[in-house]
Amino acid sequence: HVRGSMHHSLIHAVHTRHPSSSLVSRLAHRWVSAHMLSDMIPQEAIELIVAKIYTDPHERAISKMQSLDVPPSTVAAGFFRFLQVLSTHDWANEP
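Criteria and cut-off values
Residues numbered from 1 in each chain as written. Predicted model: local features only at pLDDT ≥ 70, side-chain atom pairs only at ≥ 80, totals over all residues. Heavy atoms only, no water. Helix = DSSP H or I, 4+ residues; strand = E, 2+ residues; numbered from the N terminus. Expected span 1.5 Å × (residues − 1). Buried < 20%, exposed > 50% of the residue type's maximum accessible area, 1.4 Å probe, protein only. Arc of directions from axis to C-beta. Salt bridge = Lys/Arg side-chain N within 4 Å of Asp/Glu carboxyl O. Core = buried A, V, L, I, M, F, W, Y, C linked by side-chain atoms within 4.5 Å. Contact = heavy atoms within 4.5 Å. 1 Å grid on protein atoms, 1.4 Å probe; cavity = no way out; pocket = protein on both sides within 12 Å on 5 of 7 lines; lining within 4 Å. Points joined across faces, edges and corners; volume = space filled by probe spheres on them. Nonpolar A, V, L, I, M, F, W, Y, C, P; charged D, E, K, R; others polar.

(A) Examining helix α1 (residues 2-17) more closely. End to end, α1 covers 23 Å across 16 residues, agreeing with the expected 22 Å (1.5 Å per residue, within 8%). Buried within α1 we find H7, I11 and V14. Buried residues in α1, looked at end-on, bunch into an arc of 60°, giving them a common side. Turned more than 90 degrees away from the buried face of α1, the exposed residues are V2, M6, H8, T16 and R17.

The following block contains the structure:
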């Protein structure tokens, strides 16, 4: 129960600071479900990946052209970064 409260507080803080993150999270949940990955990727993990995109400068840097200090400002940009994390992260060695 304590972890659930901490998780909720963290996600709420990210959604409050970055309004597009809540829509990116919803879109990511729908994408995972549509691709029948819901049993493999827990909802909490999806929310934490989205939160990391908005709070971790390393995850925000997609290309050399973008500033490390700028989180995604649109839902499309945030969702693209979510997909990029899913496709490029080393899940076997760093789950």
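(B) Seen up close, the pattern of salt bridges. In total, this model carries one salt bridge according to the counting rule given. The salt bridge partner of D56 is K52, with a shortest N-O separation of 2.9 Å.

(C) View of the nonpolar core. Counting 16 residues, the largest nonpolar core has I46, I49, V50, I53, Y54 and F82 as the members making the most contacts within it. Elements that contribute at least two residues to this core include exactly α1, α2 (20-34), α3 (43-55) and α5 (75-88). The contacts of I46, once residues within four sequence positions are left out, are S25, A28, H29, V32, I41 and F82.

(D) Spotlight on the side chain of H18. When you line up the elements, H18 lands in the loop between α1 and α2. Accessibility expressed as a relative area gives 12% for H18, which makes it buried. H18 has contacts with Y54 and P71, leaving out every residue within four places of it along the chain.

(E) View of empty space enclosed by the protein. Applying the stated rule across the entire model yields one cavity of 30 Å³ or more. Its boundaries defined by the atoms lining it, the largest cavity holds a volume of some 30 Å³. As for the largest cavity, its lining consists of I11, V14, H15, S21, S25, E47, V50 and A51. Residue assignment for the lining of the largest cavity shows that the elements contributing at least two residues are α1, α2 and α3. For the lining of the largest cavity, a count of residues per class yields four nonpolar, three polar and one charged.

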